[in-house]
Amino acid sequence: MEGKYCGPRKKRGWRGLAAAAYVLLAVACSAVMHRHLRRESLDRAEERLVSMCEERARMLQEQFGVTVNHVHALAILISTFHYEKFPSAIDQETFAKYTGRTSFERPLLNGVAYAHRVFHHEREMFESQQGWIMNTMKRELAPPQIEYAPVIFSQDTVSYLARIDMMSGEEDRENILRARTTGKAVLTNPFRLLGSNHLGVVLTFAVYRPDLPADASVEQRVEATIGYLGGAFDVESLVENLLSKLAGNQDIVVNVYDVTNASEAMVLYGPPSLEDQVPLLHVSMLDFGDPFRKHEMRCRYREKLPMPWSAITNPLGTFVIWMLVGYIICAAWSRYDKVSEDCRKMEELKTQAEAADVAKSQFLATVSHEIRTPMNGVLGMLDMLLGTDLTMTQKDYAQTAQMCGRALITLINDVLDRAKIEAGKLELEAVPFDLRSLMDDVISLFSSKSREKCIELAVFVCDDVPKVVLGDPWRFRQILTNLVGNAVKFTERGHVFVRVSLAENSNVEANQVIHGNMNGKDGKVESTANGAFNTLSGFEAADRRNNWQYFKLLLSDKESLLDDLDGENSDQNDSDRVTLAISIEDTGVGIPLQAQDRVFTPFMQADSSTSRNYGGTGIGLSISKCLAELMGGQISFTSRPFVGSTFTFSATLKRSYKDTSADSNRSLAEALPDAFKGMKAILVDGRPVRSAVTRYHLKRLGIIVQVVNNMSAGLKAFSGQNGATISREKATMLFIERDFWRPETDVHLLNRLRGQKNGQLSDAPKVVLLVTSEADKDKYGSIFDIVMCKPLRASTIASCIQQLLKVEMPERKENQNRPSFLRSLLVGKNILVVDDNKVNLRVAAAALKKYGAKVHCVESGKDAVSLLQPPHSFDACFMDVQMPEMDGFEATRKIREMEMKANEERKNKLALIEGSTFVECHLPVLAMTADVIQATYEECIKSGMNGYVSKPFDEEQLYQAVSRLVVGTTDSAV
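These numbers come from a predicted model, not from an experiment.

A. Quick look at the side chain of E899. Along the chain, the position of E899 falls in helix 25 (residues 888-910). When sequence neighbours within four positions are dropped, the list of residues in contact with E899 reads C921, H922 and L923.

Rendered as structure tokens:
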């Protein structure tokens, strides 16, 4: 038990680990997606930051460059209009006005000033000319030095620089020296501007003589320097004005640094650095034209970047999708496990079912054998008893016991058939048979019952139905017997009507009736003037399609003879397959509505009173349904309580162009005489359906029929007053239906008819009364030439007419008398009967001796093998299957082995003799078994048997078996 549950627990453990791993994988994938989306968002933010920073740096450089260009232009102006001009074209007032009015071109400069280059030896003269002395930045007297750079011109905004020697300051001196050696603008370190207190730098530009060449050397530039032009840059105002013109300033923070000393960067613009708090920072280098100083612009976002919604929702959605996929996989996995478990259980159940099926088959075989074995003795002994001299009472008792025994055998056969169908072991034969003769045989089985109840029982086969078809006549007969038997059982008045037609014609005509195309009747069942319905008996039928309007569509209007009606006029170019529709209509009690859905359920009755009042097991309809489906058809019914039922089934058969009358072994056909062809008859019947049925049977004999409604019309038809074509010929017979015979008036008309023939009774027509009860025979026997009791069948009508008209008919060589024919086959034959049951031995021996056979009996398979050692004198062997010591199968196999060995020896001996003919020794062996299931039959054939006869066997079975096997090649002679 522990090992049984270890597997599932282990499987659940692995499944839990797999689920945990899957969840971790889903989390990892979602985290990777979040990281990726976050990285993408940062990359986009960085790209945006880079774009904005580079744009601002570029614009700042461009504006600075424009300002430098203007300062350069001002330097050229001073060089042109001030150098060596006496007097100079530029003085302080002019310079101040000009620079003030052109300050818009230098928005980045607070002001400009010009410092003249003065050597030490020129100081006194210069101060004397200017009228002031040079001071330092501290307003002190400038100390002596090699050269000076006093400010002589200044813009009003930087007028505080006037008289100051720019060479007195260390940083200014360095800038001046670098400016004149490089020829470019140079910048100072940042410092606070006077007035605005903003951070700024001083731009210094050297002013050269006009004749300085463009490719001058450093010495030439130093020697050609005449002064210095400088201006104060307000970096904060410059950047602030620039940023105010651009979008996105509220998102980013801009800092401008002087990074000439990388270790101590100086902030020119912007708040203190927040690099530790902001993840993104971009640095753009600024080129202000001074190769000795380095500046850069650092841009960063003002606030920490928010988490993008896509980086939250997308991973979350992905995780949900992963979970859903995992759930689907888990559900599929669980479903797979469940289905696998179900399949395993189904396999187990299948194995159990197969074992149960085998057990059931074995049980059925055992039960069948155990019941049939004593029943074989009972029926056999009763048959022997009936062959003795008995009193009427004794004979009645024996016949009743025999009838009950056969009913029990029929029930056993039904149960076995149902078991065969469920096991799929029921196989259909394919032999040619005469459909019309089979229908007559089925109807004749219930003739006595219908006469007792005084109900109409009739069969009608449409003209377009082939005469001979290929199929299983015994199973076809079984369906019909079940359905017709039920119809007769549950019908106390009215009729039972069996109709056969082609399925395609039946469907087309039924549709016409349903759609109301029948002379405006809307498919309703017509009634006659007296209230009777236009059906076979005048009673209402459950299926409205089975009325006269529908039925007459199935009739042929051609007055053809029998050879035209036998199906020989069917088109042989049509398909070999033919689907028949067989309808069994009754006017019985009907089926209750609540029971109609279980009609075809095995062993089910309509209600508890059905079996009590009518008997039966409820298995017949179930078997009929299965058989119809095996024949490629289906079965259905229409029923109305207290009106009746109509069962309809279809079957697909094949056309056969073989004459079944030539096959005496398996034929179910009944050859009809042709001595009545061309005869004329008149039928008095006012019911169209019933008259068509009677006409159908007479036409099968070749008799031409004219139908009239009453006796008066019949008399006129004989006298030729109605203009009927039949009056031109001699009518020999008059058929009258009992319902339309009126003794008070029709007797007089009948006497007139007989008197018209000049008193010659031989010329008078023969009058036949058709009745449904045996009691009417004695009642009307003195009035009519013959009283014929229904149901009608062609062979019965032929016998009556032959007796009535004294017509000579040739004797048939076929099996008209099966007992005598069977005697001719068995007389003098040596037959070995093997059975361990002495009663069965007596029954089988008596049945065979009855037909003249010489019978030898043994009680075991070993004794049979000993007696059948070649050579032997037996012509056939009837072998029981289930016997002690050696059963029939093993005994048969040993017999075949002995025959094979003997045949081989004889063949070798005869090969040495010229002109000798070798005839193989083969003893026909028939199994006698009470077990008639398919498995037993297959085992019989496999062991070498030629067939089997089920217990108890009757004359028909014995005839079939002997005619196939015993006579062998003598069939043709017979």
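B. Inspection of the pattern of salt bridges at higher detail. For the structure on display, the rule yields 31 salt bridges. Where R344 meets E348, a salt bridge forms, and the shortest distance between an N and an O atom there is 2.4 Å. With R344 and E348 both in helix 7 (residues 309-386) and 4 residues apart, this pair spans about one turn of that helix. What makes R344 partly exposed here is its relative accessible area of 39%. Among the ionic pairs, R690 bridges to E456, the shortest N-O distance being 2.9 Å. Remark: E456 occurs in strand 14 (residues 456-461) and R690 occurs in helix 17 (residues 688-700); sequence separation between them is 234 residues. Assigned by exposure class, R690 and E456 land together as buried. The network of salt bridges with common partners includes E456, D685, R687, R690, E737, D739 and K790.

C. Local environment of the packing of helix 11 (residues 473-489) against helix 16 (residues 620-630). Here helix 11 crosses helix 16 at 145°, and the two axes come no closer than 9 Å. Two packed elements cross with a definite hand, and for helix 11 against helix 16 that hand is left-handed. Across the interface between the two elements, R475, Q478, I479, N482, L483 and N486 from helix 11 touch G620, L621, I623, S624, L627 and A628 from helix 16. Here the contact of helix 11 with helix 16 is composed, by residue class, of 6 nonpolar, 5 polar and 1 charged.

D. Region of interest: the sheet that holds strand 26 (residues 854-858). Spatial ordering of the open sheet is given by 26-25-27-28-29, a layout of 5 strands whose pairing is parallel. In this open sheet, the two strands that pair with only one neighbour each are strand 26 and strand 29 (947-950). Strand after strand, the sheet turns through a mean of 25° between neighbouring axes, direction not considered. Relative to strand 26, strand 25 (residues 830-834) is paired through 5 bridges, and the arrangement is parallel. Among the inter-strand pairings, L832 is bridged to a residue of strand 26, identified as H856. Contacts from helix 23 (residues 838-849) reach strand 25, strand 26, strand 27 (876-880) and strand 28 (925-929) within the one sheet, and its direction differs from that of strand 26 by about 170°. Along the sheet, helix 25 makes contact with strand 27 and strand 28, crossing strand 27 at roughly 150°.

E. Focus on the environment of L554. As for its placement among the helices and strands, L554 is situated in the loop between helix 13 (548-551) and helix 14 (562-565). Owing to a relative accessible area of 9%, L554 belongs among the buried residues under this scheme. Sequence-wise, L554 and D463 are 91 residues apart; in three dimensions their C-alpha atoms are separated by 8.1 Å.

F. Region of interest: the packing of helix 9 (residues 435-445) against helix 17. Contact geometry for helix 9 and helix 17: axes closest at 13 Å, N-to-C directions at 125°. By the angle class used here, helix 9 and helix 17 are oblique. Of the two possible hands of crossing, helix 9 and helix 17 adopt the one that is left-handed. Contacts between helix 9 and helix 17 involve R436, S437 and D440 from the first element and Y696, H697 and R700 from the second. Residues of the contact of helix 9 with helix 17, tallied by class, amount to 1 nonpolar, 2 polar and 3 charged.

G. Fine view of the UniProt feature "modified residue: 4-aspartylphosphate" (unreviewed entry) in the protein chain. As recorded in UniProt, the sites labelled "modified residue: 4-aspartylphosphate" (unreviewed entry) are D880. With residues near it in sequence (within four places) discarded, D880 still touches V834, D835, D836, G888, M928 and K951.

H. Main features of helix 2 (residues 92-101). Looking only at helix 2, the buried set comprises F95, A96 and T99. With its buried residues spanning 100° around the axis, helix 2 presents them on a single face. The exposed set on the far side of helix 2, more than 90 degrees from its buried face, consists of E93, K97 and R101.

I. How the structure looks around the packing of aromatic side chains. A complete count under the given rule lists 13 aromatic pairs for this structure. For the ring pair W741 and F784, a centre distance of 4.8 Å and an interplane angle of 70° mean the geometry is edge-to-face. Remark: F784 occurs in the loop between helix 20 (775-780) and strand 24 (786-789) and W741 occurs in the loop between strand 22 (733-737) and helix 19 (743-755); sequence separation between them is 43 residues. Judged by its relative accessible area of 1%, W741 falls in the buried class. On the basis of relative accessible area, F784 is assigned to the buried category, the value being 4%. These aromatic residues form a ring-pair network of at least three members: F95, Y114 and F153. Between the NZ or CZ atom of R123 and the centre of the ring of Y148, over which it lies, the distance is 4.9 Å.

J. Representation of a nonpolar patch on the surface in the model. Side chains of L281, V283 and M285 sit close together on the surface and give an oily, nonpolar patch of about 250 Å² of accessible area. Structurally, the position occupied by L281 is in strand 11 (residues 281-286). The class of L281 is partly exposed, set by a relative accessible area of 36%.

K. Structural context of the sheet that holds strand 10 (residues 266-269). Reading across from one edge, 10-9-12-11 is the order of the 4 strands in this open sheet, with antiparallel pairing throughout. For this open sheet the edge positions go to strand 10 and strand 11, each flanked by a neighbour on one side alone. Neighbouring strand axes in the sheet, compared pairwise and without regard to direction, differ in orientation by 30° on average. Strand contacts of helix 6 (residues 235-244): strand 9 (252-258) and strand 10, with the helix running at about 50° to strand 10, the strand carrying the most contacts.

L. Representation of helix 11. The terminal C-alpha atoms of helix 11 lie 23 Å apart, and with 17 residues this matches the ideal 24 Å at 1.5 Å per residue to within 8%. For helix 11, the buried fraction is high: 13 of the 17 residues fall into the buried class. The opening residue of helix 11 is D472, an N-cap whose side-chain oxygen sits 3.2 Å from the backbone nitrogen of W474.

M. Region of interest: the environment of D576. By the element assignment, D576 lies in the loop between helix 14 and strand 17 (577-586). Residue D576 is classed as partly exposed on the basis of its relative accessible area of 43%. Between the C-alpha atom of D576 and that of R655, which follows or precedes it by 79 residues, the distance is 5.1 Å.

N. Highlighting the pairing of strand 20 (residues 680-684). Of all 5 residues making up strand 20, 5 are buried, and the element is well covered by its neighbours. Sheet topology places strand 20 next to strand 21 (residues 704-708); 5 bridges connect them, and they run parallel. Of the residues in strand 21, the one forming a bridge with L683 is V707. The β-α-β motif built from strand 20, the intervening helix 17 and the parallel element strand 21 has right-handed crossover chirality. Examined bridge by bridge, strand 20 and strand 22 share 4 bridges and lie parallel to one another. Across the sheet, L683 pairs through a bridge with F735, a residue of strand 22.

O. Fine view of the pairing of strand 19 (residues 644-655). Across the 12 residues of strand 19, 9 count as buried, placing the element largely inside the fold. Of the pairings in the sheet, the one linking strand 17 to strand 19 comprises 10 bridges and is antiparallel in character. The residue of strand 19 that forms the bridge with I584 is F647. Sheet analysis places strand 18 (residues 635-640) next to strand 19, joined by 6 bridges and oriented antiparallel. Residue R640 lies in a different strand from strand 19, and its bridge partner there is G644. Counted between consecutive antiparallel strands, the loop separating strand 18 from strand 19 contains 3 residues, among which F642 sits at a positive phi close to 65°.

P. Region of the structure containing the side chain of T772. Looking at the secondary structure, you find T772 in the loop between strand 23 (766-771) and helix 20. The exposure class of T772 is buried, given its relative accessible area of 16%. Look past the residues within four positions of T772 in its chain and what remains in contact with it is S450, R451, C454, I455, E456, C789 and K790.

Q. View of the state of the cysteines. All told, the structure shown has 1 disulfide when counted by the stated rule. There is a disulfide in this structure between C53 and C299, and the S-S distance comes to 2.3 Å. The chirality of the disulfide connecting C53 with C299 is right-handed, given an S-S dihedral of about 75°. In this pair, C53 is assigned in helix 1 (residues 2-81) and C299 in strand 12 (residues 295-301), connecting sequence segments 246 residues apart. This pair shows no difference in class: C53 is buried, exactly as C299 is.

About the thresholds
- Residues numbered from 1 in each chain as written.
- Predicted model: local features only at pLDDT ≥ 70, side-chain atom pairs only at ≥ 80, totals over all residues.
- Heavy atoms only, no water.
- Helix = DSSP H or I, 4+ residues; strand = E, 2+ residues; numbered from the N terminus.
- Contact = heavy atoms within 4.5 Å.
- Salt bridge = Lys/Arg side-chain N within 4 Å of Asp/Glu carboxyl O.
- Buried < 20%, exposed > 50% of the residue type's maximum accessible area, 1.4 Å probe, protein only.
- Axes fitted to C-alpha atoms, helices over the stretch in contact; angles between N-to-C directions.
- Left-handed = near helix turned anticlockwise from the far one by under 90°.
- Nonpolar A, V, L, I, M, F, W, Y, C, P; charged D, E, K, R; others polar.
- Pairing = 2+ DSSP bridges.
- Parallel < 35°, antiparallel > 145°, perpendicular 65-115°, else oblique.
- UniProt positions renumbered as here; feature names shortened; annotations may be inferred.
- Arc of directions from axis to C-beta.
- Phe/Tyr/Trp six-rings, centres within 6.5 Å; stacked < 30°, edge-to-face > 60°.
- Lys NZ or Arg CZ within 6 Å of the ring centre and 35° of its normal.
- Patch = residues over 30% accessible without salt bridge, like charges linked within 9 Å, V, L, I, M, F, W, Y side chains within 5 Å.
- Areas by Shrake-Rupley, 256 points an atom, 1.4 Å probe, with all protein chains shown as cover.
- Expected span 1.5 Å × (residues − 1).
- Polar contact = N/O pair within 3.5 Å; in protein donor to acceptor, adjacent residues only side chain to side chain.
- Right-handed = clockwise from strand over helix to strand, strands pointing away.
- Disulfide = S-S within 2.5 Å.

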